[in-house]
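What the coordinates show
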Amino acid sequence: SIGGDMHSNGKDPTVSEGIALMNTIIAGTKFKEDLRRFQEERKLGDKMFQRGTVTKGWWSSFKSRYWHRLVTRRGERFACNCVDWTELPNIVQIYNIIYDELVDAGVAIKLD
């Protein structure tokens, strides 16, 4: 997935990376033209503004709308659906990750 690829380096995407990604996704599509028309009709931006591109405002709105689906730097989404959390494979995964974190923090020792 695109989000997974962006997160694969272990860091959250920056504002400029998120904006660049979305502008790349919409390039050459009807969505870019729709966005350009929307911005033009509302007289958004100044003379230097490139219409048909998303901005920091878009990134902020995107993050607030999809905060529950975004992967954070230290966390992982174990399941998007709460019902799935109680399935044994997910419980084992959560236990293993928490156990490793406790060992790394020095509050537990690894038992073989």
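Everything here concerns the structure above.
Treat the numbers as computed from the prediction; the structure is a model and nothing was measured.

**Thoughts on the overall build of the protein**
Counting secondary structure elements, the protein contains 5 helices and 0 strands. Secondary structure elements in the protein, listed N-terminal to C-terminal, are α-α-α-α-α. Total accessible area computed for the protein in this model is approximately 9000 Å², and 59% of it derives from carbon and sulfur atoms.

**Examining unusual backbone geometry**
Despite not being glycine, Lys 43 shows a phi value in the positive range, around 55°. Looking at the secondary structure, you find Lys 43 in the loop between helix 3 (30-41) and helix 4 (56-65). Assessed through its relative accessible area of 68%, Lys 43 is described here as exposed.

**Here's the deal with the side chain of Gln 39**
Note that Gln 39 resides in helix 3. Judged by relative accessible area, which is 5%, Gln 39 ranks as buried. For Gln 39, the contacting residues outside a window of four places in its chain are Leu 44, Phe 49, Arg 51, Gly 52 and Thr 53.

What counts, and where the lines are drawn
Residues numbered from 1 in each chain as written. Predicted model: local features only at pLDDT ≥ 70, side-chain atom pairs only at ≥ 80, totals over all residues. Heavy atoms only, no water. Helix = DSSP H or I, 4+ residues; strand = E, 2+ residues; numbered from the N terminus. Areas by Shrake-Rupley, 256 points an atom, 1.4 Å probe, with all protein chains shown as cover. Buried < 20%, exposed > 50% of the residue type's maximum accessible area, 1.4 Å probe, protein only. Contact = heavy atoms within 4.5 Å.

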